[in-house]
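Here are the chains, one letter per residue:
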Amino acid sequence: MSFAIDATPLLEKPSGIPVYTAYLVYNMLEADKTQRCYALAFSDDKKKPKLITHDRLEYVYLPYKRKVYRAQAKLLGKFDDVSKHIPQEVDLALYTDFFTWPWLEKARKKAVVIHDLAYLDYPKSVSKKNMKALKKLVPQSIKRSNFVITVSENTEKRIKEEYGTDRPTIVASPAYNTSVFNEEIKSGDPATLVKYSLPQEYILHLGTLEPRKNIVGIIDAYEQLDPELRSKHPL
């Protein structure tokens, strides 16, 4: 079996979607030692560092610049089929970041990863540019796919509520580094508390520093807690 993915998240700095994508691809390759993955990138991506490498993962650089490929799609009303640029016909086109592009017409099956519906549920946390693209293209991507992959049962439920899709949904979670996040690391572990200068009880936010994470909302909610509770559980 072989599959192809949009390599964009694998060429970005480590954050939520890039790390999730890296582990998803790695786990798929390790689950079946016969599988091969083609990661589709653009000609202007060649100098970008790769988040993941693997002996059965091949980065394929398409003969387009990213902006040119998008502009062509706007002009023609569809994305150009890039199947001819892959060494073999693939069983699955896995679109890793909401949108079904670069388009692989000849892939036997197509799947899109919808990470969340924050752009609908928390619109203030999403930029206007991203909001416009997500509202327009996510429903199209779902319609063009044979099935949908998402990260949680809650997002699976929201996708079905919002888009009424009959597409099969696969919840692929958790995808995390088990060498770092594991049951042996306890919240009250003395060595951990000393290492990070933490009190015995605390509230921890783990995530990237960006508007859509709504960290301001966390702080506002924390300020509304009872003072005694705040003193026992510093943020």
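Since the structure is predicted, the reported quantities are computational estimates derived from the model, not experimental observations. (Residues numbered from 1 in each chain as written. Predicted model: local features only at pLDDT ≥ 70, side-chain atom pairs only at ≥ 80, totals over all residues. Heavy atoms only, no water.)

### Quick notes on the overall build of the protein chain
Then, in step 1: Within the protein chain one finds eight helices and seven strands.
Then, in step 2: Per-residue burial over the protein chain gives 37% buried out of 235 residues.
Then, in step 3: Taking contacts inside the protein chain between residues at least 6 apart in sequence as the whole, the part at least 24 apart equals 50%.
Then, in step 4: Carbon together with sulfur atoms contributes 55% to the accessible area of the protein chain, which is approximately 14,600 Å² in total.
Then, in step 5: The distance from the centre of the 37 positive side-chain charges to the centre of the 30 negative ones in the protein chain is 9 Å. (Helix = DSSP H or I, 4+ residues; strand = E, 2+ residues; numbered from the N terminus. Buried < 20%, exposed > 50% of the residue type's maximum accessible area, 1.4 Å probe, protein only. Contact = heavy atoms within 4.5 Å. Areas by Shrake-Rupley, 256 points an atom, 1.4 Å probe, with all protein chains shown as cover. Lys, Arg positive; Asp, Glu negative; His and termini not counted. Charge placed at Lys NZ, Arg CZ, Asp CG, Glu CD.)

### Digging into the environment of Glu223
Then, in step 1: Tracing the sequence through the fold places Glu223 in helix 7 (residues 215-223).
Then, in step 2: Sequence spacing of Glu223 and Asn130 is 93 residues, and the spatial spacing of their C-alpha atoms is 30 Å.

### Quick notes on the sheet that holds strand 7 (residues 169-171)
Then, in step 1: Ordered by their spatial adjacency, seven strands build an open sheet running 3-2-1-4-5-6-7, and the pairing between neighbours is parallel. Each end of this open sheet is capped by a strand with a single partner; those strands are strand 3 (57-62) and strand 7. Sheet twist, expressed as the mean angle between neighbouring strand axes with direction ignored, is 25 degrees.
Then, in step 2: Sheet topology note: the strand 6 (residues 147-150)/strand 7 ladder contains three bridges and is parallel. Counted as the bridge partner of Thr150 is Val171 from strand 7. (Pairing = 2+ DSSP bridges. Axes fitted to C-alpha atoms, helices over the stretch in contact; angles between N-to-C directions.)

### Regarding helix 5 (residues 153-163)
Side chains that are three or four residues apart share a direction in an α-helix, a result of its 3.6 residues per turn.
Then, in step 1: Of the positions making up helix 5, those classed as buried are Thr155, Glu156, Arg158 and Ile159. Taken around the axis of helix 5, the buried residues stretch over an arc of 165 degrees, which confines them to a single face. Turned more than 90 degrees away from the buried face of helix 5, the exposed residues are Glu153, Asn154 and Lys157.
Then, in step 2: Buried residues belonging to helix 5 abut helix 3 (118-121), helix 4 (128-144), strand 6 and strand 7.
Then, in step 3: Just downstream of helix 5 lies Gly164, where phi reads positive at about 55 degrees. (Arc of directions from axis to C-beta.)

### Considering the pattern of salt bridges
Then, in step 1: On inspection of all chains with the given rule, the structure shows 13 salt bridges.
Then, in step 2: With a closest N to O distance of 4.0 Å, Glu30 and Arg56 form a salt bridge. With Glu30 in helix 1 (residues 16-31) and Arg56 in the loop between strand 2 (36-42) and strand 3, this residue pair connects regions lying 26 residues apart in the sequence.
Then, in step 3: A residue is classified by how much of its surface remains accessible, and Arg56, at 13% relative accessible area, is buried.
Then, in step 4: Linking Asp121 and Arg158 is a salt bridge whose minimum nitrogen-to-oxygen distance equals 2.6 Å. Separated by 37 residues along the polypeptide, Asp121 in helix 3 and Arg158 in helix 5 bring together distant segments of the chain.
Then, in step 5: Under the relative-accessibility criterion, Asp121 is labelled partly exposed at 34%. (Salt bridge = Lys/Arg side-chain N within 4 Å of Asp/Glu carboxyl O.)

### Quick look at the pairing of strand 6
Then, in step 1: Burial along strand 6 is two-sided: the residues Phe147 and Ile149 and Val148 and Thr150 are all buried.
Then, in step 2: Handedness of the β-α-β unit built from strand 6, helix 5 and strand 7 comes out right-handed. (Right-handed = clockwise from strand over helix to strand, strands pointing away.)

### Overview of unusual backbone geometry
Then, in step 1: A cis amide bond links Trp101 with the next residue in sequence, Pro102, at an omega value of -5 degrees.
Then, in step 2: Assignment of secondary structure puts Pro102 in the loop between strand 4 (92-95) and strand 5 (109-113).
Then, in step 3: Despite not being glycine, Phe98 shows a phi value in the positive range, around 75 degrees.
Then, in step 4: The residue Phe98 is located in the loop between strand 4 and strand 5 in this model.
Then, in step 5: Although it is not a glycine, Ser197 sits at a positive phi angle of roughly 55 degrees.
Then, in step 6: Within the secondary structure layout, Ser197 lies in the loop between helix 6 (190-195) and helix 7.

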